[in-house]
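Here is what each chain is made of, one letter per residue.
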Amino acid sequence: MGKTLFDKVWDSHVVRKIEGGPDVFFIDRHFIHEVTSPVAFLGLKSRGLKVLYPERTFATADHNTPTINQHLPVEDPLSANQLKALEDNSKEYGISHWGLGHHKNGIVHVVGPENGITFPGATIVCGDSHTSTHGAFGAIAFGIGTSEVEMVLSTQCIMQPKPKKMRINVNGQLGKGVTPKDVALFIISKLTTSGATGYFVEYAGDVFENMTMEGRMTVCNLSIEMGARGGMIAPDETTFAYLKDKPLSLKGADWDKAVAHWKTLKTDADATFDKELTFSASEIEPMITYGTNPGMGIGISKNIPDANKVEGGIATYKKSLEYMGYDENDVMIGKKIDYVFLGSCTNGRIEDFRAFASIVKGRKKADHVTAWLVPGSHIVEDKIKEEGLLDILTESGFVLRQPGCSACLAMNDDKVPAGKYAVSTSNRNFEGRQGPGSRTLLASPLVAAAAAVTGVVTDPRELL
Amino acid sequence: MAYDKFTTLTSTAVPLPLENVDTDQIIPARFLKATAREGFGDNLFRDWRYNADHTPKENFVLNNPIYTGKILVGGKNFGSGSSREHAAWAVYDYGFRCVVSSFFADIFRNNCLNVGVLPVQVSPTFLEQIFEAVYADPNTQLEVDLPNQTITILATGGQETFEINSYKKDNMLNGFDDIDYLQNIKGEIESFADGLLL
């Protein structure tokens, strides 16, 4: 029987199978950041262990870093302490470290691909659930806990049972104003946040084949929000063109040899999946969430569903709407918003800033809206300037901040105040995610831009 | 990490009958700034448990002295969201050794097993029975028997078996963790790595 893309990559990384237990699974690339690694290093120290392959681990600071005045010392002593721990541990164990102020610094899932650390067929982990992003390259990439960070540091392996396999096909042509973010939010709204739990997803169909690498990263990034450990897309010419000549990509004959292997990384025609779903691109319109988990999303022109028509407990659903200050059957278009956040590992790349700029160009930011525009990395920031997007944004009344995770999880000062509404291009709308009491509406960069200039939830198709 | 061995736990339970309890609720991101593992229990369910002025929210179950014990019982899809192991540390540090639900998010379940919290998945029907029993009498004792993989409502005798793979079960029974295992096969791992292109 044929193998899936996932099988091929998984099976080639199993060091040992344990009867009635997990596989000992080898990790090619490991990313660490300041929040989930310090305790792993403490564990190493207490056991007297070394880092087995320091050249396979890459450190970047992103989760708690400020997005203004990065040249100044970090004011919050706890954040500063975590950043120092990352720097000290990286130095002590010989790990490459792109800390605050480093020209390659940025969000871990942005800097990995843009520097060519990510590659097809790789196994990639990080103490961050959005590690699934790297699946866009045909890698098996997923988030792990700190105990597993310690395992990878000390043995380059973790112990994982092989997940089940799901394929999600989306075919057809995406409509005007419908972005990869909308495709992902649409799928999550159909599956719910637990619909893919226990599975690893392969995305297939011409919608994904025609997507740019950045779009594929947005889709794979959100795999975790449907409960999947990760999602992946078979590598193709788009993938190879993106990776070629990246700073840490292979060169010359090694590159050619690798590409020849990567071309074999696709699901065989006779391979089978535990579950398979198919959607049509024409069903998808620009999406927005109205509740407190990413599965609570609807087409922007739709009304908030009736409690009796949603899957799951009515009490939980009503608690969620109460938190958001919304009612069943409310229309989303026209809802007043207070904040806009463009950024994160989901939508903090150059194409996201291009999309945002395409809407705000020639328009002005609504006076009552506070907008945080946070590039995913310094490389993205540089491109925004080189391409003239900064001029467009500035002309429209926006300010560009410095790279980091920022308001996606609000560990730094970028917190949305209690009760305020934020249209965010990030990945989670959980209660308090963007600050205690904050209310998040997840959407694409186009929807965020439309809200930023009108001050209310607006269908971006009217402004394109 | 080192944790206490888990064999059989008999305890009252704390009911939290909400679905999709995510790790941002279990431990909000702003409390992830420690560089040590202890102390997260104080902020377990922080924003459901305390008002902005740090006074306790009376209607939250952890602030209700009637409900105590080492077993937390949650609704479907418990632990979704972030991979932060701090969520499992917070559960453990607060004093829970077992979380019961009808469905767990993958990473949270894995993290629990790695830090000595036993995730027990039961059927939706049995979960309802537990909630009913605990609400009828907060002193209801649940017995979680890891060697036999059973969970029992002692007052009613209602019982279900639960799944756990034999490797993880052995770890929990003995207080072992994966690093102990991996360290013992380091030579095998190094030979494997030698054969890789990248």
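Everything below is about the structure shown above.
Quick caveat, the model's predicted, so the values are computed rather than measured. (Residues numbered from 1 in each chain as written. Chains lettered and ligands numbered in written order. Predicted model: local features only at pLDDT ≥ 70, side-chain atom pairs only at ≥ 80, totals over all residues. Heavy atoms only, no water.)

**Student:** Looking at this structure, I do not really get the overall build of chain B. What am I missing?
**Tutor:** Helices and strands together make up the secondary structure of chain B, namely eight helices and eight strands. The C-alpha radius of gyration of chain B comes to 18 Å, within 12% of the 16 Å expected for a compact globule of 198 residues. Oriented by its inertia axes, the alpha-carbon framework of chain B measures out at about 60 × 45 × 25 Å. Taken across its 198 residues, chain B has 57% of its residues classed as buried. Counting contacts in chain B only where the partners sit at least 6 residues apart, residues at least 24 apart contribute 66% of the total. Carbon and sulfur atoms provide 47% of the accessible area of chain B, an area that totals close to 7700 Å². Both charge centroids of chain B, one from 15 positive and one from 26 negative side chains, sit 5 Å from each other. (Helix = DSSP H or I, 4+ residues; strand = E, 2+ residues; numbered from the N terminus. Rg over C-alpha atoms; globule rule 2.2 N^0.38 Å. Buried < 20%, exposed > 50% of the residue type's maximum accessible area, 1.4 Å probe, protein only. Contact = heavy atoms within 4.5 Å. Areas by Shrake-Rupley, 256 points an atom, 1.4 Å probe, with all protein chains shown as cover. Lys, Arg positive; Asp, Glu negative; His and termini not counted. Charge placed at Lys NZ, Arg CZ, Asp CG, Glu CD.)

**Student:** Even after reading the chapter, I still don't get the packing of helix 3 (residues 86–94) of chain B against helix 4 (residues 106–115) of chain B, so can you show me in this structure?
**Tutor:** Any two packed helices are characterised by the angle at which their axes cross and by the distance between the axes. Residue and element names in this part refer to chain B. Across the interface, helix 3 lies against helix 4 with an axial gap of 8 Å and an inter-helix angle of 50 degrees. In terms of their interaxial angle, helix 3 and helix 4 are classed as oblique. Helix 4 is crossed by helix 3, and the crossing has right-handed handedness. Two secondary-structure elements touch here, helix 3 through Ala87, Ala88, Trp89, Val91 and Tyr92 and helix 4 through Phe108, Asn111, Cys112 and Val115. (Axes fitted to C-alpha atoms, helices over the stretch in contact; angles between N-to-C directions. Parallel < 35°, antiparallel > 145°, perpendicular 65-115°, else oblique. Left-handed = near helix turned anticlockwise from the far one by under 90°.)

**Student:** Would you take a moment to explain the interface of chain A and chain B for this structure?
**Tutor:** Many analyses report the size of an interface as the accessible area lost when the parts associate. Chain A puts 72 residues into the contact, and the matching count from chain B is 55 residues. For the pairing of chain A and chain B, the buried interface totals around 5300 Å² over both sides, and the portion due to carbon and sulfur atoms is 59%. Between the two partners, chain A and chain B, sit five salt bridges. The partner of Arg47 of chain A in a salt bridge is Asp177 of chain B, with the nearest N and O atoms 2.4 Å apart. Residue assignment for the side of chain A that touches chain B shows that the elements contributing at least two residues are strand 1 (14–17), strand 2 (23–26), helix 2 (38–47), helix 3 (77–93), helix 5 (146–155), strand 8 (157–160), helix 10 (252–262) and helix 11 (314–324) of chain A. Considering only residue class, the side of chain A that touches chain B consists of 28 nonpolar, 26 polar and 18 charged. (Buried area = accessible area lost by both parts, 1.4 Å probe. Salt bridge = Lys/Arg side-chain N within 4 Å of Asp/Glu carboxyl O. Nonpolar A, V, L, I, M, F, W, Y, C, P; charged D, E, K, R; others polar.)

**Student:** Looking at this structure, I do not really get the packing of helix 5 of chain A against helix 4 of chain B. What am I missing?
**Tutor:** Closest axis-to-axis distance for the helix 5 of chain A/helix 4 of chain B pair is 8 Å, and the angle between their directions is 75 degrees. Looking at the two axes, helix 5 of chain A sits roughly perpendicular to helix 4 of chain B. On helix 4 of chain B, the residues that touch Ser147, Glu148 and Met151 of chain A of helix 5 of chain A are Asn110, Asn111, Asn114 and Val115 of chain B. When its residues are assigned to classes, the contact of helix 5 of chain A with helix 4 of chain B shows two nonpolar, four polar and one charged.

**Student:** How do you make sense of the state of the cysteines when you look at a structure like this?
**Tutor:** Any covalent bond linking the sulfur atoms of two cysteines counts as a disulfide. Taken as a whole, this structure holds zero disulfides over all chains when the rule is applied. Cys408 of chain A takes part in no disulfide bond, and the closest cysteine sulfur, belonging to Cys345 of chain A, lies 5.9 Å away. By relative accessible area, which is 5% here, Cys408 of chain A ends up buried. With no disulfide partner, Cys112 of chain B has as its closest neighbouring cysteine sulfur the one in Cys98 of chain B, 9.4 Å distant. Given the relative accessible area of 0%, Cys112 of chain B is considered buried. (Disulfide = S-S within 2.5 Å.)

**Student:** Looking at this model, I keep getting lost on the packing of aromatic side chains. Mind explaining?
**Tutor:** The geometry of two aromatic rings is summed up by the distance between their centres and the angle between their planes. All names here are of chain A. In the structure shown here, the tally under the stated rule is 27 aromatic pairs over all chains. An angle of 85 degrees between the planes, with centres 5.5 Å apart, marks the rings of Phe186 and Phe279 as edge-to-face. Placement of Phe186 in helix 6 (residues 180–191) and of Phe279 in strand 12 (residues 275–280) is noted, with a sequence separation of 93 residues between them. The pair Phe186 / Phe279 is uniform in exposure class, with both members buried. (Phe/Tyr/Trp six-rings, centres within 6.5 Å; stacked < 30°, edge-to-face > 60°.)

**Student:** Got a minute to help me understand the nonpolar core in this structure?
**Tutor:** Where a protein is soluble and globular, its nonpolar side chains tend to be buried together. Within the largest apolar cluster, 112 residues are counted, with the highest numbers of intra-cluster contacts made by Val340 and Phe356 of chain A together with Phe45, Phe78, Val100 and Val144 of chain B. The element best represented in this core is helix 16 (residues 445–454) of chain A, accounting for eight residues. Here Val144 of chain B is in contact with Phe6, Thr7, Thr8, Leu9, Ile71, Cys98, Leu118, Val120, Thr150, Ile151 and Phe162 of chain B, once residues within four sequence places are set aside. (Core = buried A, V, L, I, M, F, W, Y, C linked by side-chain atoms within 4.5 Å.)

**Student:** Please clarify how helix 8 (residues 186–194) of chain B should be interpreted in this entry.
**Tutor:** Side chains three or four residues apart in an α-helix point the same way, a direct result of the helix having 3.6 residues per turn. Along helix 8 of chain B, the residues classified as buried are Ile189, Phe192 and Ala193 of chain B. The buried residues of helix 8 of chain B occupy an angular sector of 95 degrees when projected down its axis, which confines them to one face. Next to the buried residues of helix 8 of chain B lie strand 1, strand 2, helix 5 and strand 8 of chain A together with helix 7 (178–184) of chain B. (Arc of directions from axis to C-beta.)

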